[in-house]
Amino acid sequence: MFWKRSYGLIMVGLLLVMMIALLLSGSRLFTDIEEEAHIEEEDRIVVGVSQLGSESGWRTANTESVQNAFTQQNGYFLIYNNARQKQENQLKAIRSFISQRVDYIIFSPVVETGWETVLQEAKQAGIPVILMDRNVDVEDESLYVTCVGSDFEKEGEKAGHWLERELVQRGVSGQSVNIVILTGTEGSSSQIGRSAGFATVAEKHNNWNILEEKCAEFTSTKGKEVMKTFLKRYPDINVVVSQNDDMTFGAIEAIKESGRTVGVDGDIIILSFDAVRGALDMVADGTINVDIECNPNQGEYLLRVIDMLEADETVEKMYYVEEDIFTIENVTEELLQERTY
Ligand code: AHR
């Protein structure tokens, strides 16, 4: 009887010892993984990215490109923030990156002005700032290290030169041409550059009448709204220059609803910017006459720049991404299949 009771006690004791051992080894295992993760995180390069918003298809592609570049596998820890088109949100995000002592700050400035103070703060904290997509207008260029983005002025010029050639081909280059322009976010590099580039070409043609330029904030809804007012105000529009594809989609809807026609066989010529998949489909079917590409795939370029900085190599102040121009002649099935955005 006694033997049986002490045997039972021994078994309970053994079980207890085993459970404690298991718990200890379990918690040890857990600690190891945690420590490892922590160490790994410390080994990685911490990048704070302030994206300006999500106003367009182009912007979504740009965000994806950055998120696909700064991955754990590539050795990065990414802190991402969407500023929803508000400069004050970008300022807050940048200040929070500074207080988190990130290794690099990357941001796409919603407008060009108003960044001196926060960039000064980043510089004092010793954090290199890299601009993406758009530029800043600052006196002291040492406030940022480099910029990866588009040559917006050149894009505007490309649009102007395409129109020159098109009018010659149609045999109407000597006639009066009525143009309306849908512009993007006022004060942004893409708006400033595209407007200036197109204007340099337009200025050379006395018969190009720019009836009106109006901001439609790079969105489809605004594009439609502004185009409707243009159509009411001007019954004789020949050309629409729309500074991004989203505004173009809205503008085309408004034109079609008004009973007018667009594109290669239509009575209003459409010039657009970005060349996202949906717009290239419309170039292929003749709805949009020309699309000036703006390349959102900037993640790879940014990776290369950081690699160079990590290797103490000198970087240039500006890196332009590669961009093309698309018409019905060169939008191939292969290109459409390849375009992921
Ligand atoms: O700055 C790039 C522009 O911003 C793109 O053309 C537009 O689609 C985006 O919103």
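Residues numbered from 1 in each chain as written. Predicted model: local features only at pLDDT ≥ 70, side-chain atom pairs only at ≥ 80, totals over all residues. Heavy atoms only, no water.

Visitor: If you had to explain the packing of helix H5 (residues 152-169) against helix H6 (residues 189-202) to someone new, which residues and values would you point to?
Guide: Remark: H5 packs on H6, axes separated minimally by 6 Å, with the N-to-C direction vectors making an angle of 35 degrees. Here H5 runs over H6; the crossing is right-handed. Counted together, Phe152, Glu153, Glu155, Gly156, Glu157, Ala159, Gly160, His161, Leu163 and Glu164 of H5 and Ser189, Ser190, Gly193, Arg194, Ala196, Gly197, Phe198, Thr200 and Val201 of H6 form the full contact between these two elements. By residue class, the composition of the contact of H5 with H6 is 6 nonpolar, 8 polar and 5 charged. (Axes fitted to C-alpha atoms, helices over the stretch in contact; angles between N-to-C directions. Helix = DSSP H or I, 4+ residues; strand = E, 2+ residues; numbered from the N terminus. Left-handed = near helix turned anticlockwise from the far one by under 90°. Contact = heavy atoms within 4.5 Å. Nonpolar A, V, L, I, M, F, W, Y, C, P; charged D, E, K, R; others polar.)

Visitor: I'd love a proper account of the sheet that holds strand E9 (residues 269-274), names of residues and values included.
Guide: Strand order in the open sheet made by the 6 strands is E7-E6-E8-E9-E10-E12, with mixed pairing throughout. Edge positions in the sheet fall to strand E7 (208-215) and strand E12 (325-326), since each has one partner strand and no second. One ladder, built from 3 bridges, connects strand E8 (residues 239-242) with E9; its direction is parallel. Within E9, the position partnered with valine 239 by the bridge is isoleucine 269. Where H5 meets the sheet, its contacts fall on strand E6 (177-183), E7, E8, E9, strand E10 (290-293) and E12, and the angle it forms with E9 comes to roughly 155 degrees. Helix H7 (residues 220-233) rests against E6, E7 and E8 of the sheet, and its axis sits at about 155 degrees to E6. (Pairing = 2+ DSSP bridges.)

Visitor: Please provide a residue-by-residue account of the site of the ligand, values included.
Guide: Near the ligand, the surroundings consist of Glu55, Ser56, Trp58, Arg59, Asp133, Arg134, Phe152, Ser190, Arg194, Phe218, Asn244 and Asp274. Between an oxygen atom of the ligand and a side-chain N or O atom of asparagine 244, the distance comes to 2.9 Å. Only helix H2 (57-69) and H6 provide two or more residues apiece to the shell around the ligand. A per-class count over the shell around the ligand returns 3 nonpolar, 3 polar and 6 charged. (Near = heavy atom within 4 Å. Polar contact = N/O pair within 3.5 Å; in protein donor to acceptor, adjacent residues only side chain to side chain.)

Visitor: Requested: an account of the side chain of asparagine 289, with residues and values cited.
Guide: Along the polypeptide, asparagine 289 turns up in the loop between helix H9 (277-284) and E10. A residue is classified by how much of its surface remains accessible, and asparagine 289, at 4% relative accessible area, is buried. The residues contacting asparagine 289, other than those within four sequence positions of it, are Trp162, Arg170, Gly263, Val264, Ile268, Ile269, Ile270, Phe326 and Thr327. (Buried < 20%, exposed > 50% of the residue type's maximum accessible area, 1.4 Å probe, protein only.)

Visitor: Outline the confidence of the model for the protein chain, listing residues and values.
Guide: Put simply, the protein chain has an average pLDDT of 92, and 88% of its residues get 70 or more. Taken together, the stretch residues 20-37 has pLDDT below 50 and engages in 0 contacts with residues farther than four places along the chain or on a different chain. (pLDDT = per-residue confidence, 0-100.)

Visitor: Please give an account of the packing of H2 against helix H10 (residues 299-310) that cites residues and values.
Guide: How two helices pack is summed up by the angle between their axes together with the distance between the axes. Contact geometry of H2 with H10 gives a least axis separation of 8 Å together with a crossing angle of 40 degrees. On the basis of their axis angle, the class for H2 and H10 is oblique. Read as a crossing pair, H2 and H10 show a hand that is right-handed. Between H2, through Ser65, Val66 and Ala69, and H10, the contact on the second element is made entirely by Gly299, Glu300, Leu302 and Leu303. In terms of residue class, the contact of H2 with H10 is built from 4 nonpolar, 2 polar and 1 charged. (Parallel < 35°, antiparallel > 145°, perpendicular 65-115°, else oblique.)

Visitor: Run through H9, naming residues and quoting values.
Guide: When we look at burial in H9, the residues that qualify are Ala279, Leu280, Met282 and Val283. One side of H9 carries all its buried residues, which in axial view fall inside an arc of 155 degrees. Buried residues in H9 make contact with helix H8 (245-257), E10, E12 and helix H11 (333-338). Following H9 by one or two positions, glycine 286 has its phi on the positive side, about 85 degrees. (Arc of directions from axis to C-beta.)

Visitor: Summarise the sheet that holds strand E1 (residues 45-51); cite the residues concerned and give the values.
Guide: Strand order across the open sheet formed by 6 strands is E2-E1-E3-E4-E5-E11, with parallel pairing between neighbours. Because the sheet does not close on itself, it has two edges, and the strands there are strand E2 (76-82) and strand E11 (318-320). Adjacent strand axes in the sheet meet at a mean angle of 20 degrees, parallel and antiparallel pairs treated alike. As judged from the 4 bridges shared by E1 and strand E3 (residues 104-107), these two strands associate in the parallel manner. Residue pairing across strands places serine 50 opposite phenylalanine 107, the latter belonging to E3.

Visitor: Just give me the short version of H7, but keep the residues and values in it.
Guide: With 14 residues, H7 should reach 20 Å at 1.5 Å per residue; the first-to-last C-alpha distance of 20 Å fits that figure. Those residues of H7 not exposed but buried are Gly223, Lys224, Val226, Met227, Phe230 and Leu231. Taken together, the buried residues of H7 touch E6, E7, E8 and H8. Its side-chain oxygen at 3.3 Å from the backbone nitrogen of lysine 222, threonine 219 defines the N-terminal cap of H7. (Expected span 1.5 Å × (residues − 1).)

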